[in-house]
There are 2 protein chains.
Amino acid sequence: MATMKDVAKAANVALSTVSLALRNNPRVKESTRRRVLEVARQLQYRPNGIARDLKTRRTETICILLHDLGGPFYSEIIRGVQDIATSKGYNTIASGSLGGRNGSAVRLLSERRVDGVIVLAPDVDDETIVTAAGPDLPVIVLDRELTADYVYSVRVDNEQGGYQVTKHLLELGHRRIVFISGPADTLDSELRYRGYVKAMKEFSAPESKRFDYMGGFTEEGGYVVGKVMSAQPILPDAVFASNDEMAIGLLKAFSEKGIRVPDDVAIVGFDNIRIAEYVQPPLTTVRQPMYEMGSVAAQLLFQALAGNFELQPVRLATELVVRQSSQRRDTSVTA
Amino acid sequence: MATMKDVAKAANVALSTVSLALRNNPRVKESTRRRVLEVARQLQYRPNGIARDLKTRRTETICILLHDLGGPFYSEIIRGVQDIATSKGYNTIASGSLGGRNGSAVRLLSERRVDGVIVLAPDVDDETIVTAAGPDLPVIVLDRELTADYVYSVRVDNEQGGYQVTKHLLELGHRRIVFISGPADTLDSELRYRGYVKAMKEFSAPESKRFDYMGGFTEEGGYVVGKVMSAQPILPDAVFASNDEMAIGLLKAFSEKGIRVPDDVAIVGFDNIRIAEYVQPPLTTVRQPMYEMGSVAAQLLFQALAGNFELQPVRLATELVVRQSSQRRDTSVTA
DNA sequence: CTGTTAGCGCCTTCAA
DNA sequence: TTGAAGGCGCTAACAG
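So, a few notes on the structure that sits alongside this text.

Reading guide: rules and limits
- Residues numbered from 1 in each chain as written.
- Chains lettered and ligands numbered in written order.
- Predicted model: local features only at pLDDT ≥ 70, side-chain atom pairs only at ≥ 80, totals over all residues.
- Buried ≥ 20, exposed ≤ 12 C-beta atoms within 10 Å, placed from the backbone.
- Helix = DSSP H or I, 4+ residues; strand = E, 2+ residues; numbered from the N terminus.
- Pairing = 2+ DSSP bridges.
- Near = placed C-beta within 6 Å.
- Nonpolar A, V, L, I, M, F, W, Y, C, P; charged D, E, K, R; others polar.
- Axes fitted to C-alpha atoms, helices over the stretch in contact; angles between N-to-C directions.
- Parallel < 35°, antiparallel > 145°, perpendicular 65-115°, else oblique.
- Contact = placed C-beta atoms within 7 Å.

Residue and element names in this part refer to chain B. Of all 6 residues making up strand E5 (residues 151-156), 5 are buried, and the element is well covered by its neighbours. Where strand E4 (residues 139-141) lies against E5, 3 bridges are found, and the strand directions are parallel. Bridge pairing links Val139 to Val151 in E5. Pairing of E5 with strand E11 (residues 314-316) involves 3 bridges; the strand directions are parallel.

This is the structure:
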């Protein structure tokens, strides 16, 4: 692999001249520049970005760290991040957080391979983030409340969402509304539950316990819960699954038992994933402003990168999306 | 930011001792090691991965370059790549190909920031790939046929898939089967069309032209085609949309016109995206072995990384997935 | 067991 | 307009 040195030698100029010529610095004479470029081409010279990064101490790259790199859930967030980063001339890379101690997460967070990180990966622990963050590596967290220097959080108002959707059910006349939680340690699920409780109390309806039903945020988990539920003598009026995947699993279980939704029981989810619109019946759910979330996160990051470290946490509003799984008439309108 | 030098000074040892101690090299005495580690902790020392990469000339990172970083379509491929890479102790990062000349794509491909690249991004041109590839940067392409040194291709047999699904329709007795293409320059669409033509000829059925209907591989495009089609006096017996997104758009358009699927017209798609199973009626389609594709790509990459450069192109088989959009009875079985 | 030294490839004063 | 030299932070001989 040819280096600048090789080019310099072959073109009979100094190393520094090559450096300047390659970046079209006007300080080098046109003829020299052309010769250098030509030699570089012949030698198939390729710049070594790593060396440059080391020298300049900047990578012009930010990273979004996701739990599951392949998760369809994140599309819009990434898009939001990318759009902002691109507009700033920065590159965006994504990486999965799997791999524990020596995983990519740690590499990226603690080895200065990027200029900033956006974290949406519950399995990366707070401590890793706090120790990694610093004036030269701001971190934006999307999946937790975390107060530390150079760490900034952007959150969706999960509690509000839980409240909205529960209230929606209550206003439709449902009383016995059951909550299905995600994994026990998930803040999102916890907050959605709080919103649920708040609405239930307001309507003096009997709330279910936080962990009466646990679906682990997966379709499979929701399916199991659905099976259990449908084996009971009486069904609740409505079910609030704390994410759409579980709601879809429920739907499947109920459909297999001949339980009609929403006639026999209403179902609502959370997230507004794409399939929510296509299942039968289409799922009432809560939309999270994903694109906005990514975009806001990236903007905060660039603020920090620009030296502005006084940034407040951002909380984004959710939006109720009413479809047929909660009520009969087709009003796929948002509220 | 503390460096090894700082640690060395503070601990009264040589630079190299710090280096060794930090990596738990047994050559350094236990007591020294502990002291070094302690000082490093106090100074909040963080290794600089860039410097290490520069020195070792390896990043232990591979990259998968996608057109649209957020596309849900790629989940399984990424998973396949990641699983292999992790098992080899490598990290995987993903990057979008947007950004043209100075985009991430070029940075990653030509600036040696990674040890190998897997490309699934039609907008990166062949030349960029060929010039970037080399003994120290093998490239696997998933979206094109490309013969060049250090470039290896893994493809799904699109023609076979097109053939399978068309034959399926023909065997159900359909004769007038229309093909809906993706973007004009897409090889995938082209190959699926070839398979379609092959089957049609075998059954002496009248094939449609390659570009009679173009849906651009989007749901919206399929919807428009559906509108146009349903405005015609007579409907074809069946429609082969060259991807699922378009098929879903078609379904929506037909449903709005009261056209029944599959009774009035059968519809099949291609890709077996997740929603295909949930739309009404569930969509007959062709499954591409996505996970396998990623996994095979990564394995080829590691072969090359290990110095084995004699690698043949790999072609993977597709699988017909029959659901209700092509025939009435519920046989969601694969063939 | 520890220290010295020489780079990895590039950028950047400073001098010529 | 060009060249020489130093150093970014780290690793890896090779000495001691």
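Our focus in this paragraph is the protein's contact with DNA strand C. Around DNA strand C lies a shell of 24 residues, among which Ser16 and Asn48 of chain A together with Val13, Ala14 and Ser16 of chain B are the nearest. When contributions to the surface near DNA strand C are tallied by element, the ones reaching two or more residues are helix H2 (15-22) and helix H4 (49-56) of chain A together with helix H2 (15-22) and helix H4 (49-56) of chain B. By residue number, the principal contributor to the surface near DNA strand C is H4 of chain A, which donates 5 residues. Residues that form the surface near DNA strand C fall into these classes: 11 nonpolar, 8 polar and 5 charged.

It is worth spelling out the protein's contact with DNA strand D at this point. In the neighbourhood of DNA strand D, 23 residues make up the surrounding shell, with Val13, Ala14 and Ser16 of chain A together with Met4 and Ser16 of chain B lying closest. Of all the secondary structure elements, the ones that give two or more residues to the surface near DNA strand D are H2 and H4 of chain A together with H2 and H4 of chain B. The element contributing the most residues to the surface near DNA strand D is H4 of chain B, with 5 residues. For the surface near DNA strand D, the residue count by class is 10 nonpolar, 8 polar and 5 charged.

Residues and elements named next belong to chain A. With their axes 9 Å apart at the nearest point, H2 and helix H3 (residues 30-42) run at an angle of 90 degrees to one another. Taken together, H2 and H3 sit at an angle that is classed as roughly perpendicular. The segment H2 lies against H3, with Thr17, Val18, Ala21 and Leu22 engaging Thr32, Arg33, Val36, Leu37 and Ala40.

Below, the discussion takes up the interface of chain A and chain B. Taken together, the contact between chain A and chain B spans 40 residues of the former and 40 residues of the latter. Its residues assigned to classes, the side of chain A that touches chain B shows 15 nonpolar, 15 polar and 10 charged. Bridge count for strand E2 (residues 91-96) of chain A against strand E2 (residues 91-96) of chain B is 3 bridges, and the pairing is antiparallel. Bridging from a neighbouring strand, Ala94 of chain A pairs with Ala94 of chain B of E2 of chain B.

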